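# Commentary on secondary and tertiary structure
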Amino acid sequence: MLNFRDAVHGGVLMGLAHEAQNAFFATDTDYDFRRLRLCVDYLRPAPSEGRLVFRSTVVRGGRRLRTVRTEIAGSDGKVVAVATGTTAAAARAS
């Protein structure tokens with residue numbers, strides 16, 4: 001889970017950001033969401049000690065496409081990565 005610099009590996013951060021966005025979309029019970037794109041910008045090494053905090057907000061919310069930005073911060077509050085994900089909404093089958 002750690003890279004050679006003793007920081008959390010970027011692939012782990014991407015997977016956690018993906019799950020954070022899935023949890024964010026799970027609050028909308030009217031639609032199923034299909035991930036179209038996920039992009040992660042790594043800003044600094046993620047500390048191997050302490051907690052990581054994930055904050056998701058809708059950047060663009062349309063009828064069919066939604067874009068969510070998830071900031072990943074260390075326990076010191078510094079943002080270590082930003083994930084931007086775009087999804088397509090489909091009406092949930094009854």
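Everything discussed here concerns the structure shown above.
Residues numbered from 1 in each chain as written. Predicted model: local features only at pLDDT ≥ 70, side-chain atom pairs only at ≥ 80, totals over all residues. Heavy atoms only, no water.

Turning to the pattern of salt bridges, a few remarks are in order. Counted according to the given criterion, the structure contains two salt bridges. With a shortest N-O distance of 3.8 Å, Glu71 and Arg55 are connected by a salt bridge. Taken together, the residues span a long stretch of sequence, with Glu71 in strand S3 (residues 65-74) and Arg55 in strand S2 (residues 52-61) at a distance of 16 residues. The class for Glu71 is partly exposed, based on a relative accessible area of 22%. Across the pair Glu71 and Arg69 runs a salt bridge, and its minimum N-O distance is 3.1 Å. We classify Arg69 as partly exposed; its relative accessible area is 33%. By sharing partners, the salt bridges in this structure join Arg55, Arg69 and Glu71 into a single network. (Salt bridge = Lys/Arg side-chain N within 4 Å of Asp/Glu carboxyl O. Helix = DSSP H or I, 4+ residues; strand = E, 2+ residues; numbered from the N terminus. Buried < 20%, exposed > 50% of the residue type's maximum accessible area, 1.4 Å probe, protein only.)

No statement about biological role is implied by the geometric values presented.
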